Amino acid sequence: MKKFISLMLSFLLTSSLVVGCSNTEEDNKDEAKDVKKVTVNVGAPEGLPAIAIAKLAQENPQIKENYEVKYTLEATSDALSTDVMKEGLDIAIVPSNMASIAYNKTSNYQIAGTVGMGSFYLVSSDEDIKGLDSSLEGKEVGNIGKGLTPDITVQALLKEKDVDLSKVTFNYSNEASDLVSLLATGKLTTGIVPEPALSGLLTKNPDLKVICGVNDTWKDVFKNENGYPQSTLIIKTSFAKENGEFVESFIKSLDENIEWTNKNPKEAGEFAAKFGVNIKAPLLVKAIDRTNLKFIAIEDSKDDYQKYFEILNSFNAKVLGGKVPDENIFYK
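Residues numbered from 1 in each chain as written. Predicted model: local features only at pLDDT ≥ 70, side-chain atom pairs only at ≥ 80, totals over all residues. Heavy atoms only, no water.

It is worth spelling out the overall build of the protein at this point. Along the backbone of the protein there are 13 helices and 11 strands. When the 332 residues of the protein are sorted by exposure, 49% land in the buried category. Counting contacts in the protein only where the partners sit at least 6 residues apart, residues at least 24 apart contribute 76% of the total. When the accessible area of the protein is evaluated, it comes to approximately 16,700 Å², of which 48% is carbon and sulfur surface. (Helix = DSSP H or I, 4+ residues; strand = E, 2+ residues; numbered from the N terminus. Buried < 20%, exposed > 50% of the residue type's maximum accessible area, 1.4 Å probe, protein only. Contact = heavy atoms within 4.5 Å. Areas by Shrake-Rupley, 256 points an atom, 1.4 Å probe, with all protein chains shown as cover.)

Turning to the sheet that holds strand β11 (residues 293-297), a few remarks are in order. The mixed open sheet is built from 6 strands, whose spatial order is β2-β1-β3-β10-β4-β11. Edge positions in the sheet fall to β2 (67-74) and β11, since each has one partner strand and no second. Neighbour-to-neighbour, the strand axes of this sheet turn through a mean angle of 25°, independent of strand direction. Two strands pair when backbone bridges link them, and strand β4 (residues 109-117) and β11 are joined in this way by 3 bridges, in the antiparallel orientation. Residue pairing for β11: Gly113 is matched across the bridge by Ala297. (Pairing = 2+ DSSP bridges. Axes fitted to C-alpha atoms, helices over the stretch in contact; angles between N-to-C directions.)

Opposite charge on two side chains allows them to pair when their charged atoms are near. One pass over the full model with this rule turns up 11 salt bridges. Ionic pairing is found between Lys236 and Asp90, a salt bridge with its closest N-O pair at 3.6 Å. Here Lys236, found in strand β10 (residues 229-236), pairs with Asp90, found in the loop between α3 (77-85) and β3 (91-95); they are 146 residues apart in sequence, far enough to count as distant. Both residues of the pair, Lys236 and Asp90, count as buried. Note that Glu195 and Arg290 form a salt bridge whose closest N and O atoms lie 2.7 Å from each other. Separated by 95 residues along the polypeptide, Glu195 in the loop between β8 (190-194) and α7 (197-204) and Arg290 in helix α12 (residues 281-291) bring together distant segments of the chain. (Salt bridge = Lys/Arg side-chain N within 4 Å of Asp/Glu carboxyl O.)

Turning our attention to a negative patch on the surface. A cluster of acidic residues, Glu225, Glu248, Glu299 and Asp300, forms a negative patch on the protein surface. Position of Glu248 relative to the elements: it lies in helix α10 (residues 244-263). (Patch = residues over 30% accessible without salt bridge, like charges linked within 9 Å, V, L, I, M, F, W, Y side chains within 5 Å. Lys, Arg positive; Asp, Glu negative; His and termini not counted. Charge placed at Lys NZ, Arg CZ, Asp CG, Glu CD.)

Our next topic: the confidence of the model for the protein. Averaged over all residues, the pLDDT of the protein is 91; the fraction at 70 or higher stands at 89%. In this model, residues 1-22 is a region of pLDDT below 50 whose contacts with residues beyond four sequence positions or in other chains number 0 contacts. Considering only residues more than four positions removed or in separate chains, one finds that residues 27-32, a stretch of pLDDT under 50, has 0 contacts. (pLDDT = per-residue confidence, 0-100.)

This part is about the packing of aromatic side chains. Counting across every chain of the model gives 12 aromatic pairs. Centroid distance Phe170 to Tyr172: 5.9 Å. Interplanar angle 20°. Geometry classified as stacked. Taking relative accessible area as the criterion, Phe170 reaches 17% and is therefore assigned buried. Aromatic pair Tyr305 and Phe309: ring centres 5.8 Å apart, planes at 55°, arrangement tilted. (Phe/Tyr/Trp six-rings, centres within 6.5 Å; stacked < 30°, edge-to-face > 60°.)

Looking at chain direction, strand β1 (residues 38-45) and β2 are connected through 8 bridges and run parallel. For Val42, the partnering residue across the bridge sits in β2 and is Tyr71. Taking the sense of rotation as the criterion, the β-α-β connection linking β1, helix α2 (residues 48-59) and β2 turns out right-handed. When β1 meets β3, the two strands line up parallel, connected through 2 bridges. Following the sheet pairing, Gly43 is matched in β3 by Ala92. (Right-handed = clockwise from strand over helix to strand, strands pointing away.)

Between Glu195 and Pro196 the backbone carries a cis peptide bond, its omega angle lying at 5°. Looking at the element boundaries, Pro196 is found in the loop between β8 and α7. The residue Asn60 is not glycine, and still its phi comes out positive at about 45°. With respect to the secondary-structure elements, Asn60 resides in the loop between α2 and β2. Residue classification places Asn60 among the partly exposed residues on the basis of a relative accessible area of 35%. The phi dihedral of Ser107 falls on the positive side, at around 60°, and the residue is not glycine. Along the chain, Ser107 falls in the loop between α4 (96-106) and β4. Using a relative accessible area of 57% as the deciding quantity, one classes Ser107 as exposed.

Here it is in structure tokens:
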């Protein structure tokens, strides 16, 4: 009888353990079903900013568990601006002045870091031109974006060097491709051209020489270590408050991706082409050293922005959204 009772107790104990384990497994499955993935919308305009995230966009690695990242390539900065103003993007790489506009207009975007410094270069086939200085007086110079940031950065430098701007004739194009066409055919002998368009131009007109970089000149003139920020990483503030760990992981992944891009330009060019960027891989190999793609966290580039925004504001406050943004624009 005692043996029978012992066997019954053993059976009941074993059954309860099995049921308990089974219930735990079912509970875990139910919990897994309840966890919903967070969709993160990331955007960038065609060009260098898109090259910075091309590998990430194509491979789409898991940044953090239970997060799904969707990468969008916009054909123009204007299209990207529309997405940002509607607060449709959680993370974006934008022209630096657009970061200020987004903050001033929505109060819901902050600067998390710099993706690339200035990538514009003075080129010419005129041997008299020595740099962004008085040697440009009496000359016709091609540039893009009249009254906008490419124009202002150049004019600010020339003004600081006491160049008589009334003696410099600026010929403005709406797009870099239009300026490249004028320089390639010799209709213009001097221009200020961004990479990667510049590398393509130099293959079409070998008489053109790179005289100097606008960013390097900025460093010298304004005693600035990095130059001026051209492309900026912005984060939607409301998203960051609820997803801080993801934001930090994304920033780390972006930093690593840009470092990889600089070391592997041919492969990066292939990723960029698949992403939809209008660039051929061999061209990026030639351009990479002049692209100035580099991630600099905001704590290490805050002074760059403050100086740059002050200068832009002194020429045209509209390009900043009406005013220099306050300290809260910087992500912490």
